Each structure stands twice: as C-alpha cells, then as structure tokens.
2 protein chains.
Amino acid sequence: MDYIKVAVDAMGGDNAPYEVIKGSVMALSKNEKVSVVLVGKEEEIYAGLKQYQYDESRISVVNATQVIGFNESPAVAVRKKRDSSIVVAMKLVKQGEADAFVSAGSTGAILVGGLGYIGRIKGVERTPLATVIPTEKGGSLLIDCGANVDARSSHLVQFAKMGSLYMQYFCGVSNPKVGIVNIGTEEEKGNALVKETFPLLKECRDINFCGSIEARDIPKGNFDVIVCEGFVGNVILKLYEGLALTLLKKMKEGMLSTKISMLGALLSKRSLKKVMKTFDVSEYGGAPLLGLKNLAVKTHGSSEAIEICNSIIQCVSFVNNNINDKISECLTKEI
Amino acid sequence: MDYIKVAVDAMGGDNAPYEVIKGSVMALSKNEKVSVVLVGKEEEIYAGLKQYQYDESRISVVNATQVIGFNESPAVAVRKKRDSSIVVAMKLVKQGEADAFVSAGSTGAILVGGLGYIGRIKGVERTPLATVIPTEKGGSLLIDCGANVDARSSHLVQFAKMGSLYMQYFCGVSNPKVGIVNIGTEEEKGNALVKETFPLLKECRDINFCGSIEARDIPKGNFDVIVCEGFVGNVILKLYEGLALTLLKKMKEGMLSTKISMLGALLSKRSLKKVMKTFDVSEYGGAPLLGLKNLAVKTHGSSEAIEICNSIIQCVSFVNNNINDKISECLTKEI
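What counts, and where the lines are drawn
Residues numbered from 1 in each chain as written. Chains lettered and ligands numbered in written order. Predicted model: local features only at pLDDT ≥ 70, side-chain atom pairs only at ≥ 80, totals over all residues. Heavy atoms only, no water. Helix = DSSP H or I, 4+ residues; strand = E, 2+ residues; numbered from the N terminus. Rg over C-alpha atoms; globule rule 2.2 N^0.38 Å. Buried < 20%, exposed > 50% of the residue type's maximum accessible area, 1.4 Å probe, protein only. Contact = heavy atoms within 4.5 Å. Buried area = accessible area lost by both parts, 1.4 Å probe. Salt bridge = Lys/Arg side-chain N within 4 Å of Asp/Glu carboxyl O. Polar contact = N/O pair within 3.5 Å; in protein donor to acceptor, adjacent residues only side chain to side chain. Nonpolar A, V, L, I, M, F, W, Y, C, P; charged D, E, K, R; others polar. 1 Å grid on protein atoms, 1.4 Å probe; cavity = no way out; pocket = protein on both sides within 12 Å on 5 of 7 lines; lining within 4 Å. Points joined across faces, edges and corners; volume = space filled by probe spheres on them. Phe/Tyr/Trp six-rings, centres within 6.5 Å; stacked < 30°, edge-to-face > 60°. Least-squares fit on C-alpha atoms with pLDDT ≥ 70 in both. Pairing = 2+ DSSP bridges. Axes fitted to C-alpha atoms, helices over the stretch in contact; angles between N-to-C directions. Parallel < 35°, antiparallel > 145°, perpendicular 65-115°, else oblique. Left-handed = near helix turned anticlockwise from the far one by under 90°.

Caption draft 1: The overall build of chain A, seen in detail. Broken down by element type, chain A carries 11 helices and 11 strands. For chain A, whose C-alpha radius of gyration is 21 Å, the value lies close to the compact-globule estimate of 20 Å for 335 residues. Summarising its shape, the C-alpha atoms of chain A cover approximately 65 × 60 × 40 Å along the three principal directions. Taken across its 335 residues, chain A has 57% of its residues classed as buried.

In structure tokens:
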C-alpha cells in the first residue's frame, strides 16, 4: 500500500516533542493511509515513542539536532540552522521522501523554509497562509492571515482563487462565496489596494465573488472565503483569539461575582464550554501554506496531540484531492 | 454665564430625532455649562421637545430641511445637500455660533463636512477618528478607526501625539502608553508602513512609546493609545463589535440548549449582562475627529439618548481642557 508520508516537525510548538509524538501515533490509528516521519532530536523522539504501541512500519525517525525558536529571525535561522527539525523535514519533502510537512513551530521559519526548500507552484506569486476561522454558520477560510505583507492586487486575486479551490475540494463547499475585507460594502469604498482588487475579482470567472465584507460581519459566516492582505488578516485572526479569550475571562468573573450567578454558572457550565469550543480558533486544525509544490501545514503553537493528529490527516485529504494540481491548473491557464 | 454651545445633528442616526432630542435635554440637566443647538427639521424637533421640561434659554433650534443618509456618497452629499442637518450644523461651528458638533449620522459626511467647513488645525496632516474600545483594564484609545485610508508614517506619528494628548487631558491618563498595531512584537516585524513609522515613534519625545502591540493583546488593555492606519483600525473596531455580538448570541443559544443550563442562564443573567455592558463598544460615548479647529464628535449610528447626552457633555470637557490648543502646540513646534 502506498502511504501518504507526512514529515512532522517533532520539535515545533509549546508542547513538543511529547504532544507531537502522541498526535502522530493517533493519526496512524485514525487514518490507515498515512505514515509519519518524525524529525527532531532522535533520543527524545524514541523516548517519547516508547510509551505507545503502534505499527512500526508506519513511523520513522530522522535525526535533527537543532531547533528554531519562535523569537528567532526566520530568514537567519533557516539559513544558519541547517540541521534544525524544520529544515531537515523540508528537505525530506524536497527530495520526495515525504509528501507533506506539518509543524507547530515558527510560522516565519515555515514560510521561509517552504519557499526555499519546497518552492512555489509555477504561476503562484505569493504563498498565503489560510486558516479556517469559526463563525455562526461553521467556518470561513481567512486568506492570507499573515504570510505576506504589502501584497499587490494580483496576489489577492490568486489568494481568492486558491482559497476557493481549497474550500471546494478540501472542505466540500460547492461554489464557495468569496468576499474581500473592506471598510464598507459599497464598491467605491476601501483603500487603494482594495479598490484596485475589487474589479479584478469581479471579472474572475473561476470564483463566486460576492463583494466586500465588513469586519463586523465576518463572525456571521455569510462568506466561505475571506480575502485580505496578510497584515489585515493577521490582525483579524489574532483579534479573534484575543477577544474570545478576554470575553470568556470576563464572563467567568461576572458569573463568579454573586452566589446566585455562581450557581447559574455551575448549571450552565457544560453548555457554555461546548459553545466556546466551537469558537476556538485552535479547534479548526492546521493552516495550510497554499501555493507550495507540496503541502506545508502550520498548526497552532500551543497545539496538543489532537490538533497535530488532525493536521496530519488533513495532509492525506489534501494530497488525495490533488488540490495542488487544481491550483496549478487554475493559476497557469491565463499565463 | 458662558455656556459651551454644542450644535447637535438632530436628524443623524437610527433613532433620530427623538432619542437625539431626549439626549440633548438630558445633557442640560447633567451639565450646567452646556447649551444645545438642535439642527434639523424644525417641526419634528419642536414636536419632540414638547414632551420635556427644560430651560428654554439653553436649547435653540435651527432649521435644516435635508438629511444625509448612511448610504450616500459623503463627498457628493455634503456638496449637494447644503441644507442638510450636518452641513447647517457645521456652518454654525464655522461661524462661531457653536463650539462643537455632535452627530450619530454618516461618519463619511462628518469627516468631509468637518474638513470642508471646520477645517484642520494648522500643522495637522490628517484628522483621525479616535474611539475608546473596551478592554480588561477599562479602555484604550484606538486611533485612527477609519477616517483615513492609505496613511503615511508622518500621519501615524501625529495620530500618536494627538491620541496621547486626548488620553492625558481628556481621560486623565498620565503618561499614556502608546503602541502601534503590528503582526509581531519584534522591531523588525511589520509591513512597510509600520517599519517606517516605528523608528519615528521611538524618537518622539512627546509620547511614551512602548512598541508594537499584536491584535491578540489589544483586549488585555496594556496600552492606552493604540495607533494604526484607518483601514486596520476600522477592521479592529468592527470586529470587536461583531465578535462580541456573535459570541453573546452563541452563548445564549448554548445556555438555552438544555433545561439545566436554562436554569443556570436565568440565575446568572444579571451578572452576565453587566459584563457584556462593559464590553459594548457603544457604551463608550462618542468618537472625536481629532485635529479639526473645533471638536466634531461622531456617536454610534444606533445611539440612544444616553449616548447622545454623553457625547454632548464630552464636548464641554474637551473645550474646557483646551485640547485643541495642546494639539496645535504639540504639532506645530517642530515645523
């Protein structure tokens, strides 16, 4: 049987390597088509693996002695730390020894490494990070949420196309509704970038462009693909996280402020937890860096085993659905 | 006695004119230094005023037959509707017949009208809209939240200075901490605009610049003045509103999903409402358009009487604290 082989950065994220190892073992039992290469300090990895029973033919270990931290300059770290888990894993993908890459490590290093080692699909100008954010109706794809700054209109058009293909073939949304983040819904509103991009999106026959979306309406979930440049996208993603956390904290404080409401809190705790879970950005699995020759998935820095597992399984679906071929086809046909 | 005379757009906002009239009457009793000129369709205003008892010497009415709607092009509307409540009220300010202006109407029209009729303070390059947004520690001033797009670094530096003065002299925050919205906290992070602005802010001796702030940390309230260009600021402000509403809605649904949690909801309702109120953007009064020769305050489109009242009283404090003189002094001393 041909497995989809995923190179996993065992040293990336706050809970590495143990949650990463645990998540990798989980992935094997959840999806029979996947095999994992754990890349990182082999002693630690073997020590971690010892705790689990798994099909040894489907997990291999590749040693990498260095780790790239969150606070390092990505460009410098990728250049200098040739034996880091990110660089070694990327090389495996480059050499065809793995089909995809998963890491909970530095987004910047994954981006720099992805561009340097895996490379862009022909025709792709920029590789956006795409994240599914929770909404009232399920989830919308936010693209780009921070891989590129100072994007041009042609980049945003490609983001719209790649995002549409991802939502259609990966998430199963037919004819996904595409919107561009704007400061008003009328066509004449916006900054120079949005004003330039809007008519280009309107002309696109490959996508179902439905106009501008104000940030106020993002949580309502009326759009499937939300296009913006990376600075704005990063602000949206981070504010989503921060505001949800703060509101939850304030509510807890509020509910614990009187004896009666404490009792109320106790009774409604379970239902509330369920709701908050549907609104937790980290529940939505990894964020693919779209437009690379092979898939690279960035999972939340604080990922636990279940998120690592989901991100690994995500790779199987991405590869099996030939999403990269579809991106390549869509973006090169006009060149 | 010399009153601070506030020209109030009686026709602006979703609840005009009745809530505007009610709020104006409230302001008189809450602050003895204020007088109000209600500008709009006089018949409607007089009919509304009839319901209240008030000191007639402190409320006057100026007729204006037209209204500028939320969906009109601001530039066209201000140019063509010379007898609209916004334009007539702005003219009163220009002619010295009023000291400040308050409206719950179209932000764009207030901006265009403010620039055209009231005019910028000498030395001010752009007039930002500044809004206090709720945080865990109270509130932070978000500046610019949408008055200008495609700002330059020199504009952002002025926003930082004006925002600092506002927080210091209007909100009573000594040595306000200034941060710039960024996609990371390291100095080398950011888009071209932020990278260019960062060293300029660092050099500013007039402000207490404390570096970059990620959107995730905005709700924590560690900064008093949060500087960003208007597109990003508008996204932050609107997402704040939208996400809080959606989370509240989801929580309600969650709490009503089982009988036990319904009982819990009943018991904790009061405490929860209190918490949500502290996180409601519209609770924080009006947003001043800083840098105009006279104060123009934009209040939320859905403002009710209490918000109109607060915005009117805000004008008294702004004028009495000579904030415009301080802005003028601070911004011209380097020219």
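So that's the structure; there's more coming.
Caption draft 2: Spatial organisation of the interface of chain A and chain B. Between chain A and chain B, the contact holds 52 residues from the first and 52 residues from the second. Counting each side, the surface lost to burial between chain A and chain B is near 4,900 Å², with a carbon and sulfur contribution of 73%. Between Arg216(A) and Glu241(B) there is a salt bridge, with the nearest N and O atoms lying 3.3 Å from each other. Where chain A touches chain B, the interface holds 10 residue pairs in polar contact (both at pLDDT 80 or more). Mapped onto the side of chain A that touches chain B, the elements with two or more residues apiece are strand E7 (177–182), helix H7 (192–203), helix H8 (230–255) and helix H9 (259–278) of chain A. In terms of residue count, the dominant contributor to the side of chain A that touches chain B is H8(A) (19 residues). Residue composition of the side of chain A that touches chain B, by class: 27 nonpolar, 15 polar and 10 charged.

Caption draft 3: Region of interest: empty space enclosed by the protein. This structure, assessed with the given rule, holds one cavity of 30 Å³ or more. As a volume, the largest cavity reaches approximately 50 Å³. Contributing to the lining of the largest cavity are Leu156(A), Ile180(A), Val181(A), Asn191(A), Leu193(A), Val194(A), Val227(A), Cys228(A), Glu229(A), Val232(A) and Phe231(B). Looking at the lining of the largest cavity, the elements that each hand over two or more residues are E7 and H7 of chain A.

Caption draft 4: Inspection of the pattern of salt bridges at higher detail. Per the counting criterion, the structure on display carries 14 salt bridges over all chains. The salt bridge involving Glu214(B) is made with Lys238(A); its shortest N-O contact spans 2.5 Å. With Glu214(B) in strand E8 (residues 208–214) and Lys238(A) in helix H8, this residue pair bridges two chains. Take Glu214(B) and Lys238(A): they sit in the same class, and that class is buried. Each of Glu214(A), Arg216(A), Lys238(B) and Glu241(B) takes part in salt bridges that share partners, so that together they form one network.

Caption draft 5: Spotlight on the packing of aromatic side chains. Residue and element names in this part refer to chain A. Summed over all chains, the structure comprises eight aromatic pairs over all chains. Their ring planes at 45° and their centres at 6.2 Å tell us that tyrosine 166 and phenylalanine 318 sit as a pair that is tilted. Taken together, the residues span a long stretch of sequence, with tyrosine 166 in helix H6 (residues 153–169) and phenylalanine 318 in helix H10 (residues 305–320) at a distance of 152 residues. Overall, tyrosine 166 belongs to the buried group, its relative accessible area being 2%.

Caption draft 6: Fine view of the relation of the copies chain A and chain B. Screw-axis analysis of chain A against chain B gives a translation of 0.0 Å along the axis, an RMSD of 0.1 Å, and a rotation angle of 180°. When the rotation and shift are considered jointly, the pair of chain copies conforms to a two-fold rotation axis. Of every C-alpha in chain A, the one belonging to Gly264(A) sits nearest the axis of rotation, 1.7 Å from it.

Caption draft 7: Expanded view of the sheet that holds strand E5 (residues 130–135) of chain B. Residues and elements named next belong to chain B. Spatially, E5-E6-E9-E7-E8 is the arrangement adopted by the five strands of the open sheet, whose pairing is mixed. With one partner strand each, in any of the chains shown, E5 and E8 form the two edges of the open sheet. Along the sheet, successive strands turn relative to each other by an average axial angle of 30°, direction set aside. When E5 meets strand E6 (residues 138–143), the two strands line up antiparallel, connected through six bridges. The partner of threonine 135 across the bridge, within E6, is glycine 138.

Caption draft 8: Up close: the packing of H8(A) against helix H8 (residues 230–255) of chain B. Where H8(A) meets H8(B), the closest approach of the two axes is 9 Å, and the angle between their N-to-C directions is 45°. Overall, the two elements H8(A) and H8(B) adopt an arrangement that is oblique. The handedness of the crossing between H8(A) and H8(B) comes out as right-handed. Of the residues in H8(B), those in contact with Phe231(A), Val232(A), Val235(A), Ile236(A), Leu239(A), Tyr240(A), Leu243(A), Ala244(A), Leu247(A), Met251(A) and Met255(A) of H8(A) are Phe231(B), Val232(B), Val235(B), Ile236(B), Leu239(B), Tyr240(B), Leu243(B), Ala244(B), Leu247(B), Met251(B) and Met255(B).

Caption draft 9: Broad picture of the pairing of strand E4 (residues 100–103) of chain A. All names here are of chain A. Neither face of E4 is exposed, since Ala100 and Val102 on one face and Phe101 and Ser103 on the opposite face are all buried. Examined bridge by bridge, strand E1 (residues 4–9) and E4 share three bridges and lie parallel to one another. Along E4, the bridge assignment pairs valine 8 with valine 102. Strand direction decides the pairing type here: E4 and strand E11 (residues 295–298), joined by four bridges, are parallel. Bridge pairing links valine 102 to valine 297 in E11.

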